[in-house]
Amino acid sequence: MILITGATGHYGKLTINFLLNNGVPANQIAALVRNEEKAADLKQLGIELRIGDYNNYDSLVKAFTGIEKMLFISSSDIINRETQHLHVVNAAKASGVQHVVYTGFNGKNQSESSPLWLVSKSHLNTEKWIKESGINYTILKNTLYMDFIPMFLGETVLKSGTIYLPAGDGKVGAALRAEMAEATANILSSNNHIGKTYSFANPESFSYGYIATYLTQLTGKSIQYISPTAEEYVQTLTTLGVPTDFINVLSSFAVAQSLGELDSTGSDLETLLGRKPTTIQTFLSQVYTTATNP
Ligand SMILES: NC(=O)c1ccc[n+]([C@@H]2O[C@H](COP(=O)([O-])OP(=O)(O)OC[C@H]3O[C@@H](n4cnc5c(N)ncnc54)[C@H](OP(=O)(O)O)[C@@H]3O)[C@@H](O)[C@H]2O)c1
């Protein structure tokens, strides 16, 4: 039995669909969910629902009973993530899970000096706990979801003609979330990945300067890229009334990118997919030449 945690989220649902496409029978898949109502579609597919919350160790021990392989999708609760993840690893050990596949983070700076330390610290500690547990593991170092690039560009990028981010000339090897989920399902569907760490990234990284140039060519509208200092950026967005937490997320990823921390590329994703991952050019064409973005 393969259990998918975070099964009501994007990555979890995508992975379950790819597992089914790979021919894994629905009755061999279980989904960890904390809200059964949110998982009605999974139940409909014949997936067994296991109720559990990362905050509740006992619920996890119960939910993981009889599970051989588990996709451990990292929590979206960054503040409480370390405690939650320790619960998950300890519960997996206590329940006799034999193989944990973990969605980690592909950041180059693994020290406190990183603007993304809050994000990466919990991932690095989780990887350590998984390895120390003695459970067979596969670590996925996931790059930034390419799906989030429009969020960084801003909703009005085509109207304003400006990309405004403190990312300098830094690049990111972002990849589509769905393709990382597909590669994950390919790993879960076979038995050849124990002890491996994969770097999920696009073979080519890109900068926001490049995106501005490409969008200009693509849409015929002049798009400029302005890279302010982090302080100017925070000040400007605060004045515009953007919530502080959101500004901090955008700013820390952009600054990390300016420092080269997200410039990971590699062939692991391509190898596991059996084809080239979607490029930024294809993605931008799909997003910015549709009827909703005239
Ligand atoms: N690489 C990237 O660019 C990137 C970007 C964003 C996030 N991430 C990380 O990747 C993970 C998966 O991404 P996603 O897009 O699938 O995120 P998502 O759609 O927000 O899904 C998060 C999943 O985690 C579950 N979850 C949250 N807190 C939980 C708890 N206390 N106990 C049990 N389950 C809990 C959620 O359950 P509910 O449905 O009940 O809320 C949901 O199923 C995220 O959680 C985050 O750690 C990566």
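Residues numbered from 1 in each chain as written. Predicted model: local features only at pLDDT ≥ 70, side-chain atom pairs only at ≥ 80, totals over all residues.

Section: the nonpolar core
Next up, step 1: By size, the foremost hydrophobic cluster in this structure holds 76 residues, and its most contacted members are Ile4, Ala31, Phe64, Met70, Val100 and Ile163.
Next up, step 2: The element contributing the most residues to this core is helix α8 (residues 177-188), with 6 residues.
Next up, step 3: Three or more residues apiece are contributed to this core by two domains, here domain 1 (2-142) and domain 2 (146-174 + 203-263 + 278-294).
Next up, step 4: Look past the residues within four positions of Ala31 in its chain and what remains in contact with it is Ile4, Ala7, Ile16, Ala39, Leu42, Ile47, Leu49 and Arg50. (Core = buried A, V, L, I, M, F, W, Y, C linked by C-beta atoms within 7 Å. Buried ≥ 20, exposed ≤ 12 C-beta atoms within 10 Å, placed from the backbone. Helix = DSSP H or I, 4+ residues; strand = E, 2+ residues; numbered from the N terminus. Domains from an automatic or database assignment. Contact = placed C-beta atoms within 7 Å.)

Regarding the domain arrangement of the protein chain
Next up, step 1: By the assigned domains, the protein chain splits into domain 1 (2-142) and domain 2 (146-174 + 203-263 + 278-294).
Next up, step 2: Facing 6 residues of domain 1, the contacting portion of domain 2 comprises 8 residues.
Next up, step 3: Split by residue class, the side of domain 1 that touches domain 2 holds 2 nonpolar, 3 polar and 1 charged. (Nonpolar A, V, L, I, M, F, W, Y, C, P; charged D, E, K, R; others polar.)

Focus on α8
Next up, step 1: Between the first and last C-alpha of α8 there are 16 Å, a value that for 12 residues agrees with the 16 Å anticipated at 1.5 Å per step.
Next up, step 2: Every buried residue of α8 is accounted for by Glu179, Met180, Ala181, Glu182, Ala183, Thr184, Ala185, Ile187 and Leu188. (Expected span 1.5 Å × (residues − 1).)

Focus on the site of the ligand
Next up, step 1: The local shell around the ligand holds 25 residues, among which Gly6, Thr8, Gly9, Tyr11 and Ser74 are the closest.
Next up, step 2: Per-element tally for the shell around the ligand: the top contributor is helix α1 (residues 10-21), with 3 residues.
Next up, step 3: For the shell around the ligand, the per-class residue count stands at 7 nonpolar, 13 polar and 5 charged. (Near = placed C-beta within 6 Å.)

Looking at the packing of helix α10 (residues 230-239) against helix α11 (residues 244-258)
Next up, step 1: The contact between α10 and α11 brings their axes to 10 Å, and the two run at 155 degrees. Considering the angle they form, α10 stands roughly antiparallel to α11. Regarding α10 and α11, the two cross each other, and that crossing is right-handed. Here Ala230, Tyr233, Val234, Leu237 and Thr238 of α10 come into contact with α11, specifically with Ile247, Ser251 and Val255.
Next up, step 2: Of the residues in the contact of α10 with α11, the class split is 6 nonpolar, 2 polar and no charged. (Axes fitted to C-alpha atoms, helices over the stretch in contact; angles between N-to-C directions. Parallel < 35°, antiparallel > 145°, perpendicular 65-115°, else oblique. Left-handed = near helix turned anticlockwise from the far one by under 90°.)

Thoughts on helix α9 (residues 208-219)
Next up, step 1: Here α9 is 12 residues long and its end C-alpha atoms lie 16 Å apart, about the 16 Å a rise of 1.5 Å per residue gives.
Next up, step 2: Buried within α9 we find Tyr208, Ile211 and Leu215. The buried residues of α9 occupy an angular sector of 45 degrees when the element is viewed end-on, so they sit on one face.
Next up, step 3: Buried-residue contacts for α9 involve β7 (162-164), β10 (206-207), β11 (224-226) and α13 (280-288).
Next up, step 4: One or two steps after α9, the chain reaches Gly220, where phi turns positive at roughly 75 degrees. (Arc of directions from axis to C-beta.)

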